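Here is what each chain is made of, one letter per residue.
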Amino acid sequence: GNLTSDSLAERVLMLVEAPADGQEERYRGLVVLTPDRRGVLRRLSLAPRILAEYASGGMKSGTAGENIEIAVTSRRVLVIRQSLGGANTLDYTHRFRFDPATRRLRLIGEDVDNGSPANQRTVTSTNYLTGVRVRTRYDESNPRGVARRSNVKWPAEFLEEVDYETFEQREER
């Protein structure tokens, strides 16, 4: 899909580290390539830590990447969704938009859906452009959820800087 305003489609690739003897967990990387007017692909972004490791996310994550969805919307937003967890489930959705000033993909939004087998669930949505975070907590006494809105200040962050191991820590801030 097209991430920049040049009407040429970018390519988004998920790469998986080759297996080694006895190695279960393998790193995955995300590469975004952009074509020039001649069709030559150049690297727009290389994100070595945004995707959870191969076979590392618990029974809900699978192994071959079936727990990861990557799409480019008609509004030129790169959306990365990952499902992780075992008994507890964690769904992360990150949204990135091309920033012409830096020529990088900037994090503009993040959703975290954290559920447990005890019918407790917290959904946190953060819009980094407006600085608004909405955290909704669901449980047996509040099946429709109780939402709490807050403002967050977060410095600009780009695709290559986001690390899947710190997603949970970001939600707590």
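(A) Main features of the side chain of R49. When you line up the elements, R49 lands in the loop between β3 (41-47) and β4 (68-72). A distance of 2.8 Å separates polar atoms of two side chains, one belonging to R49 and the other to E165. In this view, R49 contacts Y27, V162, D163, Y164 and E165; residues no more than four positions away in its chain are not counted.

(B) Geometry of the sheet that holds strand β8 (residues 121-127). Read from one edge to the other, the open sheet built from seven strands follows the order β4-β5-β6-β7-β8-β9-β10, with strand pairing classed as antiparallel. Each edge of the open sheet carries a strand with a single partner, namely β4 and β10 (142-151). Each strand axis lies, on average, 15 degrees off the axis of its neighbour in the sheet, ignoring direction.

(C) Looking closely at the sheet that holds strand β2 (residues 28-35). The sheet built from three strands is open, its strands ordered β1-β2-β3 with antiparallel pairing. What marks the edges here is a single partner per strand, and that holds for β1 (11-16) and β3. Across the sheet, the mean angle separating the axes of adjacent strands is 30 degrees when strand polarity is ignored. When β1 meets β2, the two strands line up antiparallel, connected through six bridges.

Cut-offs and rules
Residues numbered from 1 in each chain as written. Predicted model: local features only at pLDDT ≥ 70, side-chain atom pairs only at ≥ 80, totals over all residues. Heavy atoms only, no water. Helix = DSSP H or I, 4+ residues; strand = E, 2+ residues; numbered from the N terminus. Polar contact = N/O pair within 3.5 Å; in protein donor to acceptor, adjacent residues only side chain to side chain. Contact = heavy atoms within 4.5 Å. Pairing = 2+ DSSP bridges. Axes fitted to C-alpha atoms, helices over the stretch in contact; angles between N-to-C directions.

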